[in-house]
Amino acid sequence: MGNPCHYALFDLQPDFDVDLNDLSVRYRNLARQVHPDRFADAGESEQRQALERSANLNEAYQTLKSPARRARYLLSLDGHDLPLEATVQDPAFLMQQMHWREELEELHERADLAGVTAFKLRLKDAQLALDERFAQVWRDAALREEAERLVRRMQFLDKLSQEVRQLEERLDD
């Protein structure tokens with residue numbers, strides 16, 4: 001059966017800019033149609049296909065709703081798979097990473113919830129800037145290297161955002 005294109009599952013054209021509300025509505029409608037429970041009385045083959053369709057739909061939705069995962073996926077559609085754990089070969093960004101990590105550690109040591117909130121807002125701004133730049137360059141083959149660099153940065157910021165959320169939860173307790 002193979003894995004259909006994530007965009008095709010939702011009847012969307014491959015693009016970085018995705019209306020997340022529209023995607024969510026499409027997902028809910030499709031999820032109801034392919035939910036394995038609807039095929040409980042079907043034969044084993046149909047049940048297996050329903051499970052596969054449901055899993056494909058869930059994977060597609062998770063990928064398309066995340067800017068970093070969506071960016072990686074778009075590059076992979078053009079045959080440019082990036083490893084999940086690609087290292088950033090960008091000295092300026094590596095320095096920025098170190099600065100952010102040190103700042104986050106200090107916020108943790110001081111148990112500074114207000115500082116974490118401000119840090120989170122700055123991080124969100126950085127993520128939006130990367131998203132905007134990726135949207136501008138991903139289609140241009142001459143800028144493929146930059147697009148790949150941006151995806152690596154996006155992946156790092158996603159991980160850092162998760163760490164910030166975890167710290168925020170610990171400090172909030």
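Okay, so let's go over this structure. Computed from a prediction, not measured in an experiment: that's the story for all the values here.

**Let's talk about the packing of aromatic side chains**
Taken as a whole and assessed by the stated rule, the structure comprises six aromatic pairs. For the pair Y27 and Y61, a centre-to-centre distance of 4.1 Å together with 15° between the ring planes defines the contact as stacked. With Y27 in helix α2 (residues 20–34) and Y61 in helix α3 (residues 44–65), this pair connects stretches of sequence that are 34 residues apart. Its relative accessible area of 12% is what places Y61 among the buried residues. Put simply, the rings of F93, W100 and F156 pair up and form one aromatic cluster. Positioned above the aromatic ring of F16, the side-chain terminus of R70 is 4.7 Å from the ring centre.

**Points about the packing of helix α5 (residues 91–110) against helix α7 (residues 144–172)**
Here α5 crosses α7 at 5°, and the two axes come no closer than 11 Å. Considering their axes alone, α5 and α7 lie roughly parallel with respect to each other. On the side of α5, the interface is formed by F93, Q97, W100, R101, L104, L107 and H108, while α7 contributes R153, F156, L157, L160, E163, V164, L167, R170 and L171. Its residues assigned to classes, the contact of α5 with α7 comprises ten nonpolar, two polar and four charged.

**Some details on α5**
With 20 residues, α5 ought to run about 28 Å at 1.5 Å a step, and its terminal C-alpha atoms sit 29 Å apart, in line with that. Of all the residues in α5, the buried ones are F93, Q97, W100, E103, L104 and L107. Looking straight down α5, one finds its buried side chains confined to an arc of 135°; they lie on one side. Exposed side of α5, more than 90 degrees from the buried face: P91, M95, E109 and R110 are the residues found there. As for α5, its buried residues are in contact with α6 (113–137) and α7. Looking one or two places after α5, you find A111, whose phi comes out positive at around 50°.

So, how was this worked out
Residues numbered from 1 in each chain as written. Predicted model: local features only at pLDDT ≥ 70, side-chain atom pairs only at ≥ 80, totals over all residues. Heavy atoms only, no water. Phe/Tyr/Trp six-rings, centres within 6.5 Å; stacked < 30°, edge-to-face > 60°. Helix = DSSP H or I, 4+ residues; strand = E, 2+ residues; numbered from the N terminus. Buried < 20%, exposed > 50% of the residue type's maximum accessible area, 1.4 Å probe, protein only. Lys NZ or Arg CZ within 6 Å of the ring centre and 35° of its normal. Axes fitted to C-alpha atoms, helices over the stretch in contact; angles between N-to-C directions. Parallel < 35°, antiparallel > 145°, perpendicular 65-115°, else oblique. Contact = heavy atoms within 4.5 Å. Nonpolar A, V, L, I, M, F, W, Y, C, P; charged D, E, K, R; others polar. Expected span 1.5 Å × (residues − 1). Arc of directions from axis to C-beta.

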